[in-house]
Each structure stands twice: as structure tokens, then as C-alpha cells.
Amino acid sequence: MFKGLFGKTKPETNALTTLDKLNETLEMLEKKENVLLKKAAAEVEKAKEYAKGRNKRAAIQCLKRKKLYEQQIEQLGNFQLRVHYQMILLEGAKVTTETVDVLRTGAAAMKAMQKATNIDDVDKTMDEINEQTENMKQIQEALSNPIGAAADFDEDELEAELEGAELEEQLLQPATTTPAALVQVPAGRQSAQPVPQKRTAEQDELAALQAEMAL
């Protein structure tokens, strides 16, 4: 009745209570063993006294009682070994139970997490992410394309025109100096006069203007 009202007792509580009782029993057995050891030692002393007084019969009786005490001491030692062994088993079982409980709790938590996160939902979420990524990529490509008249320009033609303009600019530049490689003077006949430079169009115009002003 009370068990139904208050629920089941936890196995851990039962294990702790049993370990406490085993400890108490072990202490009681050790105390009895110490008492019997003292009694056996006392019988030995009595046997020595009787032997000195040449009371051989009394000395033998003391030794017999000592043997009985020793038997009880040996029996108590066996009891203590059994109690120790039971405590070791119980402690091991307690650790095993606690480990299994923790593993069971972890398995339940993992099961709940897997139930909350369905594999179909994961696939659906990944598909949505990939779709949004592709849409954003298309939007960026659309924004980067040229609009209006600039969209009709041919880049190859523009590059060819640019190269032609650069070549024309190079041809129109005046030659201010004559390359030394083009003027070859035989050895031993180098002239002291400088090589005349070619006049530019601007210089020609300036000379014509000066001539008109002189007139």
C-alpha cells in the first residue's frame, strides 16, 4: 500500500542503504575479532603460569580454550572476507547501473533530437538554401550586365579602335632626336659639326610667320 502511494524506491538508495549495513557488520566483526584475540592471549598467559606451578592439567585447559578462540577468530576472518566481497560486488553493480542510466538518458536525448530534426526537413532546408543561392547569383549577374546603348557596343571593335588610336598617336609624335644608330661616321673622319636635326611642323609655321612679318 505504502509502496503504491509513495512510488518505487530508487535502486541507488537501496544500494547505499545496503552498503551502510555491510559496513556496520564489518565493524562489528572486527570488534569481535579483537575481543577474541585478547582472550586467546590471556589464555596463553594463564597456561604459562600454570606450567610454572606444575599444574599441567590447568595449563592444558587454557590451551584448549585458546584453540577454540582461534577457531572463532578464523571464522570471523572468513565472514569479513565475505562481507568485503559482497561490498565490492555491490559497488560494481552500482557503478554499472549508474552508467547504464546515463547511457539510457543520452540515447533518449539523441532520439528526441533526431525526432525534432527529420532527415526530410534537412533535405528540404538544403534545397531551399541552394535555390536561394542560385537566385542571388542570377540577380548579381543581371545587375552586372550593361544597360542601354552600352549593351550594343562590341568590345572587340572597341579594343581594335583603341589599338589604332595608340598607333596613330605614336606616328604623329615629332622625332626630336635622331637615333645614334642611324648616323654612322667612318672611323677617323668624325665631323666636329653636330648633325642637323629635322625641323618640326610647329617650327616651320613659326619661320613662315616671321618671314611674313619681315615683309
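Residues numbered from 1 in each chain as written. Predicted model: local features only at pLDDT ≥ 70, side-chain atom pairs only at ≥ 80, totals over all residues. Heavy atoms only, no water.

The name that an unreviewed UniProt entry assigns to the protein is Vacuolar protein sorting-associated protein 32-like protein 2, with the source organism given as Hibiscus syriacus.

S.K.: Let's hear about the nonpolar core: which residues, and what values?
M.R.: Note that soluble globular proteins tend to have their nonpolar side chains buried in a common cluster. Membership of the largest hydrophobic core is limited to 12 residues, which are Leu19, Leu22, Leu26, Leu29, Leu36, Ala40, Tyr69, Ile73, Leu76, Val83, Met87 and Leu90. Of all the secondary structure elements, the ones that give two or more residues to this core are helix 2 (11–52) and helix 3 (56–116). Excluding residues within four positions of it along the chain, Met87 makes contact with Leu19, Leu22, Asn23 and Leu26. (Core = buried A, V, L, I, M, F, W, Y, C linked by side-chain atoms within 4.5 Å. Buried < 20%, exposed > 50% of the residue type's maximum accessible area, 1.4 Å probe, protein only. Helix = DSSP H or I, 4+ residues; strand = E, 2+ residues; numbered from the N terminus. Contact = heavy atoms within 4.5 Å.)

S.K.: Outline the pattern of salt bridges, supporting the account with residue identities and numerical values.
M.R.: The full count for this structure, using the stated rule, is four salt bridges. Where Lys66 meets Glu70, a salt bridge forms, and the shortest distance between an N and an O atom there is 2.8 Å. Remark: Glu70 and Lys66 occur in helix 3; sequence separation between them is four residues, near one turn of the helix. (Salt bridge = Lys/Arg side-chain N within 4 Å of Asp/Glu carboxyl O.)

S.K.: A description of a negative patch on the surface should follow, citing residues and the corresponding values.
M.R.: Side chains of Asp120, Asp121, Asp123, Asp127, Glu128 and Glu131 sit close together on the surface and give a patch of like negative charge. Mapped onto the secondary structure, Asp120 falls in helix 4 (residues 119–144). (Patch = residues over 30% accessible without salt bridge, like charges linked within 9 Å, V, L, I, M, F, W, Y side chains within 5 Å. Areas by Shrake-Rupley, 256 points an atom, 1.4 Å probe, with all protein chains shown as cover. Lys, Arg positive; Asp, Glu negative; His and termini not counted. Charge placed at Lys NZ, Arg CZ, Asp CG, Glu CD.)

S.K.: How would you explain the confidence of the model for the protein if you had to name every residue and give the values?
M.R.: Averaged over every residue, the pLDDT of the protein is 77; residues scoring 70 or more account for 67%. No element of the protein has a lower mean pLDDT than helix 1 (residues 2–6), at 41, and none a higher one than helix 3, at 91. Below pLDDT 50 for its whole length, residues 177–183 participates in two contacts with residues either more than four positions away or in separate chains. (pLDDT = per-residue confidence, 0-100.)

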